[in-house]
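Fold and geometry: a report
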Amino acid sequence: MALYRRIPGAIAVITLTNPPVNALSCTVREAIYETVKRATADQEVKAIVLCGANGKFCGGADIKEFSREMRGPPLVPMIDMIEESEKPVVAVIEGVAFGGGLELALGCHYRIAHSGAQVGLTEVTLGLLPAAGGTQRLPRLIGVPAALDIITTGRHVSAQEAVRLGIVDKVTDSSAMEEAIEFAKTVAGEPMGPRRLSLWTAACPEDLDSLLEGALVRIRQRSRGALAPVACVQAVRAAASLPFAQGMKKEQELMAYLFTSGQARAMQYCFFTQRAAARWTTPSGASWENTKARPVRQAAVIGLGTMGKGIAVSLSRAGIPVIAVETEQKRLKAGRKAVNSMLTRESQKRGLAEAHLGSISFTLDLRKLRDTDLVIEAVFEDMALKKQIFSKLSSVCRPDALLCTNTSGLNIDEIASAASRPELVVGTHFFAPAHVMKLLEVVCGPRTSPVAVATAMQLAKRLEKIGVVVGNCSGFVGNRMMRPYTEQAYYLLEEGARPEEVDLVLEEFGFAMGIFRVMDLSGLDVGWRSRKELGLTGPKLPPGTEARSRGGKRYSPLPDILCESGRLGQKTGRGWYLYEKERVATPDPWLQSFLEDYRSRFGIQSRRVGQDEILERCLYSLINEGFRILQEGIAASPEDIDVIYVSGYGWPRHRGGPMFYAWMVGLPKVLDKLEHYHRTHPDIPNLAPSSMLRKLVARGSPPVHQWRALIQQHSSQL
Ligand SMILES: CC/C=C\CC(=O)SCCNC(=O)CCNC(=O)[C@H](O)C(C)(C)COP(=O)(O)OP(=O)(O)OC[C@H]1O[C@@H](n2cnc3c(N)ncnc32)[C@H](O)[C@@H]1OP(=O)(O)O
C-alpha cells in the first residue's frame, strides 16, 4: 500500500509500504493512484514527497505478478499522472530504486538520493525492458549513450554516479527525507513544465547508428541470443528519433513481445531460484530456519595456489581477518605478494579503505590456527595430502572449529575420516577465480552436521556468493554433469566434427565459450591429471587396455594424446586450437589432419555431424546426469542444479538452467532423443535415459517446481 500524511509546510508525504522492497504490486499501484489524486486535489498541499518505507524507495514492479493475470491500474498512466501534476513531486531515493521503482522516480519532478542508495533499470536482467517509460525518459534525462549503457546492462548505479550523470538532482549523507522535504518547500508554486521529462529531447550523438551498432556487438559478445538487450537498443533508438508518445508506443510493442517470451520466463525463474537456494533443507529436518550458523570472527586458508589466493581475498574483502598458511618460505613469499597486489587492485576498484578489509597474516606454522573459527584447506587435489592436513588440523584447532575442504570432486567423507570431528568437516567448492566467481557448492558428507552446513552457507552469504547445498559424490553436482557433456564433445570429434563446429553450436546456444575453447583456457592438463589418477590413462592403465574402451564403455583417448604431445591449451600456444596471437583461438590445420589420421587408424567412418545432433548430444547427456543426480538425492531440487549451472558454469541465464531448459524443450522430446542416441551408441551408458526422466514423462511432464515433491520419494544424500 501507500500511506498518506500531511506535514507542516503544506507538504503531503506518500510512503510506499510493501515489505521487503516496496515492490509495485497491484495494491501499491492502487494506493499510489489514490494518494497522488488526494494530494493534488488538496488545496492545502503545495508539494508532494514520495518515499519508501524501511529505507528502501522501491524494488520495481512486483515480479511475482508477472506470471498471473494483470490486475489493478497499470504503471504507465500512473507515472504520467505524477508527471502531469502541477504540484512538484519529489522522490526520496533511499536504498534502491530499481526497474519500475526508478521509472516511478523519473516521473517525479525531482529526485533526492541518500549517498548509500543505488538506482538502475534492471528489467533486462529479467528478460524485459523498462516499459514504464524508462527507455524514453532516461535518454531524455542523461543523454542517449549513458542511458543506453544503463538500460542494456541493467547495472546498479551508485548514488554518486547517479548525481554525476544527472539521474538524481542531489545526494546527501544525512537524511534524504529531511532534505527532500526542505527542498520541496523551496520549489512549491513553481511551474513544473520544464521538469517533465516527456517534454525533453534526448541528447543524441551524431553517429547514433554506430553507437547503437557498437552496443549490439557488445550484447552479442556478452549474451548471445538474448532478446531483451536487443529490444532495449531498439527502444532507445526510438527515444533518440521519435516524439515521446511514439517512443512510448514502441516501448509497449517491444515489451509485449518480450513479456510472454520463454527467455523472460527463464530469467525470472533464475531470479527466484537463486534466492530459494539459500533456504536449504535436509531430509533429516535440518534447515536454514532451525539451524544456527557459528559466528566466524577469524578464518584461515591453507595453501596459496590459485584457489587459496582467491579465497583469502574473498574472506578479507568480507572483513574477515585471515591467516594464510603455506609449507615453504618461497611459496609463502610469492603467495603474500600475489594476495597483497590482488587486494590493492580490489580496494582501488571498489574505492574501499584498507580498514574495510580483513587483515591477512602469513605463516608457515599451522599451530597459529589454534583460535580460528573456520579453516579452508585449498591444497592440490591429492587425497593423501588432504587427509594429512585434516589430521593435523584436528590436533591444532579448537574443538568447535569448522574444517572446510576446497575440492572440486574428492570424497568429503574420506577426507573427514582423517579428522577427529568429522561432523565439522564440510566441502566448500569454490570456482576459479575464487574472488570473482559467485558460486559456492557447499558439500555435505554423510557425517557433516547441520551446524557445519549452516555456517558454510552463512559464509557464502558474507562473501556475497551464492551457496548451494549438494551431496557427496565424485564431482558433486556441477563437475559431475560436465563429464558426460565433455565426453560427448570428444566423441563428436571422433565421428567427424571439428572443435570449432562444436563450439559454434554451443556459443550460438548462449555459452560465452564453447567447450573446446573452455578446455584450452583452463588447461588440458587439469583433466589429464585426474584421468591419470583414476587409472584411465598413464602409468596406472593396465597393459593391453583397448585404446577406445574402459570397463566395457566407450572412451576417447583424444585429449590424452593431445596432452602427451605437449598441447595443453592456451598456455602452450596450442591445444584444440592454435594460439599464435595471445588468447585468439584459430582452427589448427594440424589438428584437422591429426583427427583424420586418428579416425583412419581406428577405422572410424567420418561423417558430417549436424548442428542439432551436436547440441542435443552435448546438452541432453548433461541434463540426463542432472536427472540421475536428483534421483540419487545429490541435489535437493532441479532449481538448485539450475542455480549451479547459471552462476558457476556459464549456462546462459536466458535459458534458465539445464533442468528448466529440458522442461522448456519438452521432457518427452529429451527422452525420445536420449533413447535414439543411446540406441545408436549403446557403448555410451550415460546416454541411457535416467529413470527419473522416464518417471516425469510418465507423470505428464509437470513443471519444474513440482519435481521436488516427486524426488522426495527417493533416497537423499543430503
Ligand atoms: C511495465 C514494467 C515495468 C517495470 C518492470 C520492473 O520493475 S521489473 C522489476 C525490476 N526490479 C528488479 O529487478 C529488482 C529485483 N530485486 C533485487 O534486485 C533485490 O531483491 C533488491 C531489491 C536489490 C534487494 O536485495 P536483497 O539482497 O536485500 O534482498 P533479496 O534479493 O533477497 O529480496 C528480498 C525478497 O524480496 C523479493 N523481491 C525483491 N524484489 C522483488 C520484486 N521486484 N518483486 C517481487 N519480489 C521481489 C525477493 O524475491 C526476496 O523474496 P524472498 O521470498 O525473501 O526470497
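Residues numbered from 1 in each chain as written. Predicted model: local features only at pLDDT ≥ 70, side-chain atom pairs only at ≥ 80, totals over all residues. Heavy atoms only, no water.

If you look the chain up in an unreviewed UniProt entry, it shows as Peroxisomal bifunctional enzyme from Huso huso. According to the UniProt record, the Pathway (unreviewed entry) comment for the chain is "Lipid metabolism; fatty acid beta-oxidation." For the chain, the Subunit (unreviewed entry) comment in UniProt is given as "Monomer." (UniProt positions renumbered as here; feature names shortened; annotations may be inferred.)

Side note on the UniProt feature "domain: 3-hydroxyacyl-CoA dehydrogenase C-terminal" (unreviewed entry) in the chain
Under the UniProt annotation, the feature "domain: 3-hydroxyacyl-CoA dehydrogenase C-terminal" (unreviewed entry) is placed at residues 475-579 and 614-701. Annotated as residues 475-579, this span is 51% helix and 4% strand, and its ends, taken at the C-alpha atoms, are 30 Å apart. Counting secondary structure, residues 614-701 comes out at 67% helix and 0% strand; the distance between its end C-alpha atoms is 24 Å. (Helix = DSSP H or I, 4+ residues; strand = E, 2+ residues; numbered from the N terminus.)

Considering the sheet that holds strand 16 (residues 439-444)
Taken in spatial order, the eight strands of this open sheet run 12-11-10-13-14-15-16-17, and their pairing is mixed. Of all the strands in the sheet, just strand 12 (360-363) and strand 17 (466-471) have a single pairing partner and so form its edges. Taking each pair of neighbouring strands and ignoring which way they run, the sheet shows an average axis angle of 25°. Running at roughly 175° to strand 16, helix 16 (residues 450-462) makes contact with strand 13 (374-377), strand 14 (402-405), strand 15 (425-430), strand 16 and strand 17 of the sheet. (Pairing = 2+ DSSP bridges. Axes fitted to C-alpha atoms, helices over the stretch in contact; angles between N-to-C directions. Contact = heavy atoms within 4.5 Å.)

Regarding the packing of aromatic side chains
Under the defined criterion, the tally for this structure stands at 20 aromatic pairs. Ring centres of Phe271 and Phe272 lie 5.1 Å apart, and the angle between their planes is 85°; on these two criteria the pair is classed as edge-to-face. Judged by relative accessible area, which is 33%, Phe272 ranks as partly exposed. Ring geometry for Phe627 against Trp707: centres 5.4 Å apart, planes inclined by 35°, an arrangement best described as tilted. Taken together, the residues Phe627 in helix 23 (residues 611-631) and Trp707 in helix 28 (residues 707-711) connect sequence positions 80 residues apart. Taking the relative accessible area as the measure of exposure, Phe627 reaches 0% and is therefore buried. Take Trp707: its relative accessible area is 1%, and that puts it in the buried class. (Phe/Tyr/Trp six-rings, centres within 6.5 Å; stacked < 30°, edge-to-face > 60°. Buried < 20%, exposed > 50% of the residue type's maximum accessible area, 1.4 Å probe, protein only.)

Concerning the site of the ligand
By nearness alone, 24 residues border the ligand, and Gly59, Ala61, Gly100, Thr122 and Arg275 come closest of all. Take Gly100: an N or O atom from its main chain is 2.7 Å from an oxygen atom of the ligand. Arg275 is positioned with one of its side-chain polar atoms (N or O) 2.6 Å from an oxygen atom of the ligand. Summarising the interface, the protein chains cover 74% of the accessible area of the ligand, which totals 1,000 Å² for the free molecule. Considering every element that reaches the shell around the ligand, the biggest residue donor is helix 11 (residues 262-276), with three residues. Per-class residue counts for the shell around the ligand are 13 nonpolar, five polar and six charged. (Near = heavy atom within 4 Å. Polar contact = N/O pair within 3.5 Å; in protein donor to acceptor, adjacent residues only side chain to side chain. Areas by Shrake-Rupley, 256 points an atom, 1.4 Å probe, with all protein chains shown as cover. Nonpolar A, V, L, I, M, F, W, Y, C, P; charged D, E, K, R; others polar.)

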